[in-house]
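Residue strings, one per chain:
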Amino acid sequence: MEGARPGIEPEGVERAVERLTARHEGQAERIRRGVEQAAARWWPEDGDVEAFVAFCEESFVAGPEEIAAAFRRLEALLEQIDGRIHEIRREVLTPIDVDTGEVSALDRLFADLDLAPHIDEDLFKTKVAFLALLNFPVHTLAERLEQGDGWDRATWARSRMMDRFAVRVPAAVAQEVTRASQAAEHYISGYNIRLDRLLGEQGERLFPEGLRLISHWGLRDELASHYVTPGGLARQQIIQKVMERIVRQEIPAAVIDNPALLWNPFTNEVRAAEEGAATPAGAGAREPDTRYAHLLGYFRAARQYDPYSPEAPTLVARRFERDRQMTVEEVEALLVSVLESQEVKDLGALIQERLGRPLEPFDLWYAGFKSRGSHSEELLDRTVRERFPTLEAFQAALPGTLEALGFSPERARWLASHIQVDPARGAGHALPALRREDKTHLRTRVPRGGMSYQGYNVALHELGHNVEEVFSLNGIDHWWLSGIPNNAFTEAMAFTFQHRDLELLGLQEPGGEAWHAEALGTLWNTYEISGVSLVDLRVWQWMYAHPDATPAALREAVLEIAREVWNRWFTPVFGVRDSELLAIYSHMIAYGLYLPDYAIGHVIAFQVACHLTPETFGAEIERMTRQGHVTPGVWMHGAVGGPVSADALLGASREALEAFTKVPV
Ligand SMILES: [Zn+2]
């Protein structure tokens, strides 16, 4: 399959173009583009060259009114089709996602029922997709950036519509991508480290019996928690050593998730945990680059997909230009603007002063700026429990909650009428509607006895998603423009709600010290994740430049890239060279190029938050979200009058740095 070029041969394309240009004057450019778009996705099973040419002749739409009518029909029907398929999917998943009692064997079987891929296939089989491809341009991001400023909303909607038909992938290729990503996900989700079996530099055991944590999330969070524990430094250093052994693949394969072995990550020695038992032969053998073999497997599957996505022919292009709607250059410049900022250098100095020692690489995860406020967990829980004793109480209070956030009574009622609250099995999530007749769902947990503060905090985050979803679906002019530019924007909107949790409980005034702590905590986080994101990006660029690399060669490349990024942007702040810690993120192995969304999200959240005041919150959220799914640049200009930029985060951090250095904490 690799390297295959799908589609109609150039002679067939020329023939169709000639026939159409002979019949329709003055449309040569439109005709060529449409025919080429359809030809690139036409497979033998769709018919021979004759059939292709005949289809083009029959299906080309020439007059502006007929084009507008075709667009309206596609918009109305796809809203119903995608919307109803989404509702069916929600129904079959309800027993899994919503607390409806015991999950039956039948429920589990139904959960695998997903009709969406069949709809995509059938849109091509019925040739609906080909009619769209023949008559409407599939735009690249470059074209949108170049021409988008002059487009009206209908042109934007037509452009967005064609994203739906831009990719046609054979089922076998799609399955291979799923298989490779699931294999990588399975690998990282089983990668547990027995901290209770680690030996310190003097052979001592530092962690309690039973402590088993997943790499990298669990290791990182455990490390961050030890800033406040006596003797925490030794634990942080040993976790850092474990991470280094993982990225270098020097970790003995046998110690992964194995309570029977003791491991000293400093010397790399392994021995049996049971007193007097013999150490099994080969127990010290290193993990044989499995980490990098999975990443290569994911890359090779993505490459098979490339020929079927002609406007975004690499995974890098798909993640950045198609999903994020930002160029690699734009995102890199944004990350570097944080990495090279004076604020990061000053913040590093402040953290060093607070720690009273030189920074070590693991201080990437310094967590001293989390502001939990002065209220006890007990008071917070009690306040929330009294307000929301049941799920029904939370649903009934929605209009009031929205009014307290700053929406007008009329808007609050309208929003609440589109939001359905369900009892979640997990921590909670928001599930959008895709059809305007449907409702968006807020899934949250209210245990017997009432909602907890933690649950309320998460529910407000989800409510932010719901409000954005209602405005950008039910309050939008064109269905194809429903939504928001990318994931990072969705999260940014949700955080603006979540951050007002204490204020809504009447326990905190907006602004002040909590806001300063928030700015500095976010800046340090953004600094770290910007470095990690650049490593992720460069590794993918390296794989595309070296498609036949072995896992060992990839390992060396990853380590070199991690050291380069570290030495350039972290050594000036940390004073340490050649750390490889930035390569530890599991996302890099199984969720190719997802990481930059976190950095972009932090930046956008501050841009939006700095623009909002309690007085304007409701009206401004509505105005921003009703712009819908345009490019991030166009959206941000409309929202705050400027491009996506780290200036708001850096400005808030500058103020916070001044406040913190004036009043020692
Ligand atoms: Zn979220």
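Everything that follows concerns the structure shown earlier in this document.
Bear in mind that the values here come from a model prediction, so they are computed numbers and not experimental data.

Structural notes on the overall build of the protein
Here's step 1: Along the protein, the regular secondary structure elements total 31 helices and seven strands.
Here's step 2: For 665 residues, the compact-globule estimate of 2.2 N^0.38 gives 26 Å, and the protein sits close to it at 27 Å.
Here's step 3: Principal axes of the C-alpha set define a box for the protein whose edges measure 85 × 65 × 55 Å.
Here's step 4: A buried classification covers 52% of the 665 residues belonging to the protein.

Some thoughts on the coordination of the zinc ion
Here's step 1: For the zinc ion, the protein coordination sphere consists of H461 (NE2), H465 (NE2), E491 (OE) and E491 (OE), at 2.1 to 2.7 Å.
Here's step 2: The coordination sphere of the zinc ion comprises four donor atoms, whose angles at the metal cover 51 to 142°; the geometry is irregular.
Here's step 3: As a motif over one chain, the donors of the zinc ion read H-x3-H-x25-E. You can see H465 sitting in helix α21 (residues 453–474) and its partner E491 sitting in helix α22 (residues 487–498), a full 26 residues away along the chain.
Here's step 4: By relative accessible area, H465 is classed as buried at 7%.
Here's step 5: Its relative accessible area of 31% is what places E491 among the partly exposed residues.

A word on the nonpolar core
Here's step 1: Grouped together as the largest cluster of nonpolar side chains are 189 residues, with contacts concentrated most on V35, F52, F165, F407, W540, F570 and W635.
Here's step 2: The element contributing the most residues to this core is helix α24 (residues 513–545), with 14 residues.
Here's step 3: If near-sequence neighbours (up to four positions away) are discounted, W635 is found in contact with I484, P485, F489, M493, V608, M624, T625, Q627, G628 and V630.

Some thoughts on the packing of aromatic side chains
Each aromatic ring pair is summarised here by two numbers: the centre-to-centre distance and the angle between the ring planes.
Here's step 1: Using the criterion set out here, one finds 32 aromatic pairs in the structure.
Here's step 2: On the numbers, 5.1 Å between centres and 15° between planes, the contact of W566 with F570 is stacked.
Here's step 3: An aromatic cluster of at least three residues, connected via ring pairs, comprises W42, F52, F55, F124 and F130.
Here's step 4: When the ring centre of F71 is taken as origin, the NZ or CZ atom of R158, which lies over that ring, is 5.4 Å away.
Here's step 5: Above the ring of F320, the side-chain terminus of R324 is found at 4.7 Å from the ring centroid.

Quick word on the sheet that holds strand β6 (residues 429–431)
Here's step 1: With mixed pairing, the three strands of this open sheet are ordered in space as β5-β7-β6. Strand pairing shows two members of the sheet lacking a second neighbour, β5 (419–423) and β6, which therefore form its edges. Each neighbouring strand pair of the sheet contributes to a mean axis angle of 25°, computed without reference to strand direction.
Here's step 2: Bridge count for β5 against strand β7 (residues 440–444) is five bridges, and the pairing is parallel. By the bridge assignment for β7, D422 is matched with R443.
Here's step 3: Packed on one face of the sheet, α21 meets β5, β6 and β7 and runs near 175° to β7.

So, the side chain of D82
Here's step 1: Turning to its location among the elements, D82 is positioned in helix α4 (residues 64–97).
Here's step 2: Accessibility expressed as a relative area gives 15% for D82, which makes it buried.
Here's step 3: If we skip the residues at most four places from it in the chain, D82 touches R164, L434 and W479.

Side note on the pattern of salt bridges
Here's step 1: As enumerated under the stated definition, the model contains 49 salt bridges in all.
Here's step 2: Taking the shortest distance from any N to any O, the salt bridge between E620 and R623 comes out at 3.0 Å. With E620 and R623 both in helix α29 (residues 617–625), this residue pair falls three residues apart, about one helical turn.
Here's step 3: Taking the relative accessible area as the measure of exposure, R623 reaches 37% and is therefore partly exposed.
Here's step 4: Among the salt bridges present, the one from R626 reaches E622, with a minimum N-O distance of 2.8 Å.
Here's step 5: The class for R626 is partly exposed, based on a relative accessible area of 35%.

Examining unusual backbone geometry
Here's step 1: A cis amide bond links S215 to the next residue, H216, at an omega of -5°.
Here's step 2: Positive phi, normally seen in glycine, also occurs at Q325, with a value near 60°.
Here's step 3: Relative to the helices and strands, Q325 resides in the loop between α14 (315–324) and α15 (328–339).
Here's step 4: Unlike most non-glycine residues, D578 shows phi in positive territory, near 65°.
Here's step 5: In this structure, D578 sits in the loop between α26 (571–574) and α27 (587–590).

Side note on the side chain of E287
Here's step 1: Turning to its location among the elements, E287 is positioned in the loop between β4 (269–272) and α13 (290–305).
Here's step 2: R291 provides the closest opposite charge to the buried, salt-bridge-free E287, at an N-O distance of 7.0 Å.
Here's step 3: Here Q249 takes part through its side chain, which lies 2.8 Å from a polar atom of the side chain of E287.
Here's step 4: Excluding anything up to four places from it in sequence, E287 contacts Y187, Y191, Q249, I251, P252, A253 and I256.

Things to note about a nonpolar patch on the surface
Here's step 1: A cluster of nonpolar side chains, contributed by I88, L106, L109, F110, L113 and L115, occupies part of the molecular surface with about 540 Å² of accessible area.
Here's step 2: It is helix α5 (residues 105–110) that provides the largest number of residues to the nonpolar patch, a total of three residues.
Here's step 3: If you trace the backbone, I88 turns up in helix α4.

Points about helix α7 (residues 128–135)
Here's step 1: In terms of residue burial, α7 counts as a mostly covered element, since six of its eight residues are buried.
Here's step 2: Those residues of α7 that sit buried are A129, F130, A132, L133, L134 and N135.

A short note on the pairing of strand β3 (residues 261–264)
Here's step 1: On β3, burial covers both faces: L261 and W263 on one face and L262 and N264 on the other are all buried.
Here's step 2: Note that β3 and β4 share four bridges and pair antiparallel. Bridged to W263 within β4 is V270.
Here's step 3: Hairpin remark: β3 followed by β4, antiparallel, with four residues in the connecting loop; positive phi at N268, about 70°.

Considerations on the packing of helix α17 (residues 377–387) against α21
Here's step 1: At their nearest, the axes of α17 and α21 sit 8 Å apart, and the two run at 65° to each other. Across from E377, L380, D381 and V384 in α17, the residues of α21 making contact are Y453, Q454 and Y456.
Here's step 2: Residues of the contact of α17 with α21, tallied by class, amount to four nonpolar, one polar and two charged.

Notes on the environment of I85
Here's step 1: With respect to the element layout, I85 can be found in helix α4.
Here's step 2: Taking relative accessible area as the criterion, I85 reaches 15% and is therefore assigned buried.
Here's step 3: Here the alpha-carbon distance between I85 and E528, two residues 443 residues apart in the chain, equals 40 Å.
Here's step 4: Apart from the residues within four sequence positions on either side, I85 is in contact with L115, A116 and I119.

Rules behind the numbers
Residues numbered from 1 in each chain as written. Predicted model: local features only at pLDDT ≥ 70, side-chain atom pairs only at ≥ 80, totals over all residues. Heavy atoms only, no water. Helix = DSSP H or I, 4+ residues; strand = E, 2+ residues; numbered from the N terminus. Rg over C-alpha atoms; globule rule 2.2 N^0.38 Å. Buried < 20%, exposed > 50% of the residue type's maximum accessible area, 1.4 Å probe, protein only. Donors = N, O, S within 2.8 Å, 3.2 Å for Na, K, Ca; no water. Tetrahedral: all angles 85-135°; square planar, octahedral: opposite > 155°, others 65-115°. Core = buried A, V, L, I, M, F, W, Y, C linked by side-chain atoms within 4.5 Å. Contact = heavy atoms within 4.5 Å. Phe/Tyr/Trp six-rings, centres within 6.5 Å; stacked < 30°, edge-to-face > 60°. Lys NZ or Arg CZ within 6 Å of the ring centre and 35° of its normal. Pairing = 2+ DSSP bridges. Axes fitted to C-alpha atoms, helices over the stretch in contact; angles between N-to-C directions. Salt bridge = Lys/Arg side-chain N within 4 Å of Asp/Glu carboxyl O. Lys, Arg positive; Asp, Glu negative; His and termini not counted. Polar contact = N/O pair within 3.5 Å; in protein donor to acceptor, adjacent residues only side chain to side chain. Patch = residues over 30% accessible without salt bridge, like charges linked within 9 Å, V, L, I, M, F, W, Y side chains within 5 Å. Areas by Shrake-Rupley, 256 points an atom, 1.4 Å probe, with all protein chains shown as cover. Nonpolar A, V, L, I, M, F, W, Y, C, P; charged D, E, K, R; others polar.

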